[in-house]
Amino acid sequence: MKRALFITFNEVRLYLQDKADLAFGLLLPVITFALMYGAFGGQTMFKATAPVVNEDKGAYSAQLIEQLDKVEGIKVELLTAGEADTKLERSDLLLVLFIPSDFSETLVSGDKAGLVFKQRGNGGQEGQILASIIRGVVETMNQEFLVRSQVRSNLEGKGIPENSIEVTVKEYLDKERQQAAVVIAEEVTGGSPDFINQYLPGIITMYVLFSLSLSARTIVEERKRGTLERLLTTRLNAHELFIGKFLSSVARGFVQTFILLVLSYAVFRLFTPLSFLASLVISLVFAAAAAALGMIIASIARSEDGATWIGVVFTMFMVMLGGTFFPVSEGSTLATIGKVSLNTYANDAFRTIIAEGGSLGDTLQPLAVLAGVAVVGLVISRLIFRAVPGGK
Amino acid sequence: MPEEFMVVKDLQKSFKDLKAVNGVSFSILKGEIFGLLGPNGAGKTTTIRMLSTVLESDSGDITIGGHSVRHEAEAVRSIIGVCPQELALYEDLSALDNMVFFGRMAGLDGKEARAQAMTNLELMGLVDRAKGKVAKFSGGMKRRINLAIALMGHPQLLFLDEPTVGIDPQSRNHIYENILGLQKKGMTILYTTHYMEEADRLCNRIAIMDAGEVIALDTTYQLKSQIGSPDKVTLEDVFLKLTGRSLRD
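Computed from a prediction, not measured in an experiment: that's the story for all the values here.

Now for the overall build of chain B. Within chain B, the secondary structure is distributed over nine helices and 10 strands. Relative to the globule expectation of 18 Å for 249 residues, the C-alpha radius of gyration of chain B, 18 Å, shows essentially globular dimensions. Classification of the 249 residues of chain B by burial places 47% in the buried group.

What follows is the structure, encoded as structure tokens:
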């Protein structure tokens, strides 16, 4: 066993010497993470630009726009009617708020004023969210307007100055807000279902499988270098060689996921300490399963190119079937075929921890499958290595 | 009479239709340098691979230091050192790291491996390059490291498969001196080459191989005596006489 660890140590040392492998193994996860951070900005608050055509020059339309602009994540973009129509026509915009020219005048006269959402189709997902936010702002304005009207009508003819009426209305509204009948509180339990925790499991599993291609080359490289034959004339036996290579492959896959998990923990705050540890355990078991499959390819492959290509095709197959890039519906044919993919089980386990806030105990089934693949894969690769020419 | 350290009996190996080794038998005495001489493709490397436990023979027996290669491969590997024909080094590592690593594989502990590595580097005249990356070494220096690695673990029997191929005369002479020095210390050496003068200079006895068979086996003096005056005849002449063609054909 000691010699197997020397093989692992030597392999890791060679890995650290190889700049290309090092860049692939360590820098790529960091770059991916930076891209994720750039895309999701480290927070998941809804952000959008609200296109508004304001044909009214009155105070109420100005107030509406001001209120809208104050909503967190919303930025108002004022357009002319012509610009808005052109953009809607080209589908550059899917929803625009039109404030008609008589909006303020109608409100002052005591009649009901109208606003118009011009939209293509259903306005798109972002348009629908925007429309809801605008409706909320209008609703608040409505309430304020009603309060102001009622106070005015009650105080009409009593010689009270306009300023005093305005102050009274503001005080009343503030009091109303503080004594709201329904209060909504946010309570965060486990992970939140946002983009990061939906996609992170897939990205992690993809990286572990990419390292499979590197593991697949491990025996071929040794053979090409001539050191495989030399090693087999020393006291090192083939079992120790295999265990050593296997452990180095596990280490390589695990380090990649470790980087991603640590960065996610530090920046996105996706984990509790316990769920972070659970994710590390899943990473380790998955890396072992991927390394064992890499060893099978390593035993079969006769050239570095052969090993790399078998590894890449195998990885893409696993990634596609395993629901890394797109969700696979439960019970579908693809889901049934996907049962042969390691990613299915790894994604399942990671999602349970990261997206659903589950514990390690909830992932026992996928973990058992991955551990089984690791053991069986290692035994098969060893048998193949014994059987193929040049193996021992 | 020195004891037989290695005994090879009727060794056979085929690769599909090609009979690479066909009934090879010989024995090597303890402390001698035994040469396997023959042109490329004669079966020398295949024979060495079988003797060094890398390749299983189709039939025949090999005993090294009293251990059967077929049944006690592990015991055999603990007393042999192999310097393969092709360089077998980790070029991204330093000379010292290469040697310590193979020393550990030969069963040495860390301290022993390091001490032996430094001794062997000194023997090869490379101690000042111990920490240099092998990739930056000249061909001759790499050959010397290749040989130095084979000495890790103090093997009793050393296999040297064409250890001087493609190197400058200076490095070649250095290796010759090392090999003779190792013999003086009691090491048994099996040496393959297709350089006549090398075999003539180093080997006590020589087996000449051709087409997978041993066609002659004796001391260089006796082999040369078979066709003329040993002072005037070369091993090249012996080979020409035996096979009807030049060794380098």
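Residues and elements named next belong to chain A. The N-to-C vectors of helix α6 (residues 124-155) and helix α7 (residues 162-178) enclose an angle of 135°; their axes lie 10 Å apart at closest approach. Here α6 lies oblique to α7, going by the angle between them. Helix-helix and strand crossings are classified by hand; for α6 and α7 the assignment is right-handed. Across the interface between the two elements, E144, V147, R148, V151, R152 and L155 of α6 pack against I165, T168, V169, Y172 and L173 of α7. By residue class, the composition of the contact of α6 with α7 is seven nonpolar, one polar and three charged.

Structurally, chain A comprises domain 1 (2-41 + 193-387) and domain 2 (48-178). Using C-alpha coordinates to define each centre, domain 1 of chain A is positioned 54 Å away from domain 2 of chain A.

All right, on to the sheet that holds strand β7 (residues 157-161) of chain B then. Residue and element names in this part refer to chain B. Read across the sheet, six strands follow the order β6-β7-β8-β3-β9-β10 without closing on themselves; strand pairing throughout is mixed. Edge positions in the sheet fall to β6 (80-83) and β10 (213-219), since each has one partner strand and no second. Averaged over all neighbouring strand pairs, the angle between strand axes comes to 15°, with direction disregarded. Strands in contact with helix α6 (residues 169-184) are β3 (33-37), β7 and β8 (188-193); relative to β8, the strand with the most contacts, it is inclined by about 150°.

Following the sequence through the fold, N173 of chain B ends up in helix α6. Sequence separation between N173 of chain B and E198 of chain B is 25 residues, and the spatial gap between their C-alpha atoms is 9.9 Å.

Below, the discussion takes up the nonpolar core. Residues A289 and A290 of chain A together with M99 and I189 of chain B are the most contacted members of the largest nonpolar core, which totals 139 residues. In terms of residue count, helix α12 (residues 273-300) of chain A provides more of this core than any other element does, 15 residues in total. In contact with I189 of chain B, not counting residues within four places along its chain, are I33, F34, L158, L160, I179, L182 and Q183 of chain B.

We now examine the packing of helix α1 (residues 2-17) of chain A against helix α3 (residues 95-105) of chain B. Look at α1 of chain A against α3 of chain B: their axes get within 9 Å of each other, and the N-to-C directions meet at 160°. By the angle between their directions, the pair α1 of chain A and α3 of chain B is classed as roughly antiparallel. Where α1 of chain A crosses over α3 of chain B, the handedness of that crossing is left-handed. Contacts between α1 of chain A and α3 of chain B involve R3, F6 and N10 of chain A from the former and F101, R104 and M105 of chain B from the latter. Split by residue class, the contact of α1 of chain A with α3 of chain B holds three nonpolar, one polar and two charged.

Overall, antiparallel pairing links the four strands, which are arranged β2-β1-β4-β5 (chain B) in an open sheet. The strands lining the two open edges of the sheet, one partner per strand, are β2 (18-29) and β5 (67-68) of chain B.

Residue and element names in this part refer to chain A. Assignment of secondary structure puts M206 in helix α8 (residues 195-216). The exposure class assigned to M206 is buried, which follows from the 21 C-beta atoms found within 10 Å. Between the alpha carbons of M206 and N122 there is a distance of 36 Å; along the sequence they are 84 residues apart. What M206 contacts, discounting residues up to four positions off in sequence, is V319 and T324.

Taken together, the contact pairs 19 residues of chain A with 21 residues of chain B. Those elements that provide at least two residues to the side of chain A that touches chain B are α1 and α10 (227-231) of chain A. The element that contributes the greatest number of residues to the side of chain A that touches chain B is α1 of chain A, accounting for six residues. Taken together, the residues of the side of chain A that touches chain B sort by class into five nonpolar, seven polar and seven charged.

What follows covers the confidence of the model for chain B. Across chain B, the average pLDDT comes to 88, with 98% of residues at 70 or higher. Predicted complex metrics record ipTM = 0.87 and pTM = 0.71.

Residue and element names in this part refer to chain A. Across the five residues of strand β3 (residues 95-99), five count as buried, placing the element largely inside the fold. Both faces of β3 are covered, namely the face carrying L95, L97 and I99 and the face carrying V96 and F98. Bridging between strand β1 (residues 48-54) and β3 involves three bridges; their strand directions are parallel. Its bridge partner being in β3, V52 is matched across the sheet by L97.

Once that is clear, we can look at helix α5 (residues 139-150) of chain B. Residues lying three or four places apart along an α-helix face the same way, a consequence of the helix completing one turn every 3.6 residues. All names here are of chain B. A rise of 1.5 Å per residue sets the reference length of α5, with its 12 residues, at 16 Å; its end C-alpha atoms lie 17 Å apart and thus fit the reference within 8%. For α5, a buried count of 10 out of 12 residues is recorded, marking the element as mostly surrounded by other parts of the structure. Taken residue by residue, α5 has M141, K142, R143, R144, I145, N146, L147, A148, I149 and A150 as its buried positions. Buried-residue contacts for α5 involve β6, α3, α4 (110-123), β7 and α6.

Procedures and definitions
Residues numbered from 1 in each chain as written. Chains lettered and ligands numbered in written order. Predicted model: local features only at pLDDT ≥ 70, side-chain atom pairs only at ≥ 80, totals over all residues. Helix = DSSP H or I, 4+ residues; strand = E, 2+ residues; numbered from the N terminus. Rg over C-alpha atoms; globule rule 2.2 N^0.38 Å. Buried ≥ 20, exposed ≤ 12 C-beta atoms within 10 Å, placed from the backbone. Axes fitted to C-alpha atoms, helices over the stretch in contact; angles between N-to-C directions. Parallel < 35°, antiparallel > 145°, perpendicular 65-115°, else oblique. Left-handed = near helix turned anticlockwise from the far one by under 90°. Contact = placed C-beta atoms within 7 Å. Nonpolar A, V, L, I, M, F, W, Y, C, P; charged D, E, K, R; others polar. Domains from an automatic or database assignment. Pairing = 2+ DSSP bridges. Core = buried A, V, L, I, M, F, W, Y, C linked by C-beta atoms within 7 Å. pLDDT = per-residue confidence, 0-100. Expected span 1.5 Å × (residues − 1).

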